[in-house]
There are 2 protein chains.
Amino acid sequence: MQDQHLLQPGQLLARGVSRCLFSLGFATLKEFTPTRGLRVDVMALGPKGQLWVIECKSCRADFTGDQKWQGYLEWCDRFFWAVDLDFPTEILPADTGLLLADAYGGEIVTMAPEAKLAPARRKKLTQKFATDAALRLARLEDEQIGRSS
Amino acid sequence: MQDQHLLQPGQLLARGVSRCLFSLGFATLKEFTPTRGLRVDVMALGPKGQLWVIECKSCRADFTGDQKWQGYLEWCDRFFWAVDLDFPTEILPADTGLLLADAYGGEIVTMAPEAKLAPARRKKLTQKFATDAALRLARLEDEQIGRSS
């Protein structure tokens, strides 16, 4: 297990989020780039092929400084915020999901509305998720595997 | 990088195979289970969504003892054998691909014939590849993520 003292608050949240989603049958990939110029905190792939984006916000400033989140909506079936118990959830926008988490786990408090991806985009995203995950794994096993993506 | 003294001959071949396929834009996953009861040495996902199976054979006996390989054909677009330079390639069946490899790399010598997967199976396999890769990665990062699959 990673030493949690080396992880930033947002990364600790992401760990709890991944554990929560794993218990729901999802696999997650952190810092996933659905398309050039966009990087989401957590992309989750569900047992039925669902693709969810979860943005982890460790504090109010972390949220208010985020100018990009609306751009993520078109790259997932559902969009969630993940915050801890101290976060002022009333500042979060309507029509988004909410996942309360800490470093150790979490739970979905508000299910995000669903806006299903078009089949072609789902296919492309799932393939990119697969490729990125396999390459990250391969690089951990073999430093000769390139590090360009 | 893994200490290659700890790897079996077939695993060393698989490493070279992965490096070769990476250079062709593929991502690979070792010991992938396309369906219950079948486990392939290397499943490779290509830039256009191609799914290739590569079976690594370290010696003649390793090949002649394999009763299962024909069952793999229906789980990929192309099927390859990966062997080293000392392998008696004349014993390999026709209508399969050949990849010559060692621990450090390899090259495709005979392109396998293509038998394209049906879309529904491709979708399911790609999704399983994505899930398995992400879960293996997650388990390396977080020992609390379950180890059941």
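Just so it is clear, the structure is predicted and the values come from calculations on it, not from any experiment.

(A) Layout of the relation of the copies chain A and chain B. Once chain A is rotated about the relating axis by 180° and shifted along it by 0.0 Å, it coincides with chain B to within an RMSD of 0.0 Å. On this basis, the relationship between the two copies can be described by a two-fold rotation axis. In terms of proximity to the rotation axis, the leading residue of chain A is Ala130(A), whose C-alpha is 1.9 Å off the axis. By residue overlap, the copies meet face to face through one surface: 100% of the interface positions of chain A are interface positions in chain B.

(B) Region of the structure containing the environment of Lys57(B). All names here are of chain B. If you trace the backbone, Lys-57 turns up in the loop between β3 (51-56) and α2 (60-64). For the pair Lys-57 and Ala-82, spaced 25 residues apart in sequence, the C-alpha to C-alpha distance is 6.2 Å. Excluding its chain neighbours within four sequence positions, the residues that come into contact with Lys-57 are Leu-13, Asp-62, Phe-63, Asp-66, Trp-81, Ala-82, Val-83 and Phe-87.

(C) Focus on the sheet that holds β3(B). Residue and element names in this part refer to chain B. In spatial order, the strands read β1-β2-β3-β4-β5-β6; together these six strands make up an open sheet with mixed pairing. The sheet is open, and its two borders are formed by β1 (27-35) and β6 (105-110), each paired with just one other strand. Direction aside, neighbouring strands of the sheet carry axes that sit 35° apart on average. The sheet contact formed by β1 and strand β2 (residues 38-45) spans six bridges and is antiparallel. Within the sheet, the bridge partner assigned to Thr-28 lies in β2 and is Ala-44.

(D) Structural context of the confidence of the model for chain A. Summarising the model, chain A shows a mean pLDDT of 93, and 95% of its residues fall at 70 or more. Among the scores for the predicted complex, ipTM is 0.92 and pTM is 0.93.

(E) View of the sheet that holds strand β4 (residues 78-83) of chain A. Residues and elements named next belong to chain A. Strand order across the open sheet formed by six strands is β1-β2-β3-β4-β5-β6, with mixed pairing between neighbours. The strands lining the two open edges of the sheet, one partner per strand, are β1 (27-35) and β6 (106-110). Across this sheet, the average inter-strand angle for adjacent strands is 35°, counted without regard to direction. Where helix α3 (residues 119-141) meets the sheet, its contacts fall on β1, β2 (38-45) and β3 (51-56), and the angle it forms with β1 comes to roughly 115°.

(F) Spatial organisation of the interface of chain A and chain B. Opposite the 34 residues of chain A that make contact, chain B presents 34 residues. Of the roughly 2700 Å² buried at the junction of chain A and chain B (both faces included), carbon and sulfur atoms supply 68%. Run the count over chain A and chain B and you get four salt bridges. As a salt-bridge pair, Arg19(A) and Asp142(B) come within 2.7 Å of each other at their nearest N and O atoms. Summed over the shared surface of chain A and chain B, the result is eight residue pairs in polar contact (both at pLDDT 80 or more). If you list the elements that add at least two residues to the side of chain A that touches chain B, you get α1 (9-23), β1 and α3 of chain A. Counting residues per element, the side of chain A that touches chain B draws most heavily on α3(A), which supplies 13 residues. Split by residue class, the side of chain A that touches chain B holds 15 nonpolar, ten polar and nine charged.

Rules and cut-offs
Residues numbered from 1 in each chain as written. Chains lettered and ligands numbered in written order. Predicted model: local features only at pLDDT ≥ 70, side-chain atom pairs only at ≥ 80, totals over all residues. Heavy atoms only, no water. Least-squares fit on C-alpha atoms with pLDDT ≥ 70 in both. Contact = heavy atoms within 4.5 Å. Helix = DSSP H or I, 4+ residues; strand = E, 2+ residues; numbered from the N terminus. Pairing = 2+ DSSP bridges. Axes fitted to C-alpha atoms, helices over the stretch in contact; angles between N-to-C directions. pLDDT = per-residue confidence, 0-100. Buried area = accessible area lost by both parts, 1.4 Å probe. Salt bridge = Lys/Arg side-chain N within 4 Å of Asp/Glu carboxyl O. Polar contact = N/O pair within 3.5 Å; in protein donor to acceptor, adjacent residues only side chain to side chain. Nonpolar A, V, L, I, M, F, W, Y, C, P; charged D, E, K, R; others polar.

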